[in-house]
Amino acid sequence: MSCYIVPLVQAAVTSVCRKAGWKTGFLGRNLASLEKMLWGGSVMLIVDHAINGELFDWTPMEMLKVGVPMSAAITLVWIIYALIKEKKTVLSTTK
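Here the structure is a predicted model, which is why all the values come from computation and not from measurement.

**Re the packing of helix α1 (residues 5-19) against helix α3 (residues 31-51)**
Link 1 in the chain: It is at 9 Å that the axes of α1 and α3 come closest, and there the two elements cross at 150°. Between α1 and α3, the interaxial angle falls into the category roughly antiparallel. In this structure, α1 meets α3 at a crossing whose hand is left-handed. Only Leu-31, Ala-32, Leu-34, Glu-35, Leu-38, Trp-39, Ser-42 and Ile-46 of α3 make contact with α1, whose side of the interface consists of Pro-7, Leu-8, Gln-10, Ala-11, Ala-12, Thr-14, Ser-15, Cys-17 and Arg-18.
Link 2 in the chain: For the contact of α1 with α3, the per-class residue count stands at 11 nonpolar, 4 polar and 2 charged.

Listed below in structure tokens is the structure:
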């Protein structure tokens, strides 16, 4: 299985963006949390696939069918998290 490749690439791109100083907007301010979610999930998938003997480095259809939706779901959860965190920050500063 190679579904871990898509979130792994997304994690690398996220790391580059964060290290480049992309901090605009509420998503930029919460980029570190997305980075941690992606790296952690990717490492967990690699370890799981290695333990089960399913570690393949390239299966395009699986990356498309499993990797992309998995990365999209992680990103959606992160956006919701960032919105909630931003709303809490705004509410706490107005009191």
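**What about the environment of Lys-87?**
Link 1 in the chain: Residue position: Lys-87 is located in helix α4 (residues 60-94).
Link 2 in the chain: Note: C-alpha distance between Lys-87 and Phe-26 (61 residues apart in sequence) is 9.7 Å.

**Some words on a nonpolar patch on the surface**
Link 1 in the chain: Residues Val-43, Val-47 and Ile-51 make up a contiguous nonpolar surface patch of roughly 290 Å² in combined accessible area.
Link 2 in the chain: With respect to the secondary-structure elements, Ile-51 resides in helix α3.
Link 3 in the chain: When its relative accessible area of 66% is taken as the criterion, Ile-51 is described as exposed.

Cut-offs used in this document
Residues numbered from 1 in each chain as written. Predicted model: local features only at pLDDT ≥ 70, side-chain atom pairs only at ≥ 80, totals over all residues. Heavy atoms only, no water. Axes fitted to C-alpha atoms, helices over the stretch in contact; angles between N-to-C directions. Helix = DSSP H or I, 4+ residues; strand = E, 2+ residues; numbered from the N terminus. Parallel < 35°, antiparallel > 145°, perpendicular 65-115°, else oblique. Left-handed = near helix turned anticlockwise from the far one by under 90°. Contact = heavy atoms within 4.5 Å. Nonpolar A, V, L, I, M, F, W, Y, C, P; charged D, E, K, R; others polar. Patch = residues over 30% accessible without salt bridge, like charges linked within 9 Å, V, L, I, M, F, W, Y side chains within 5 Å. Areas by Shrake-Rupley, 256 points an atom, 1.4 Å probe, with all protein chains shown as cover. Salt bridge = Lys/Arg side-chain N within 4 Å of Asp/Glu carboxyl O. Buried < 20%, exposed > 50% of the residue type's maximum accessible area, 1.4 Å probe, protein only.

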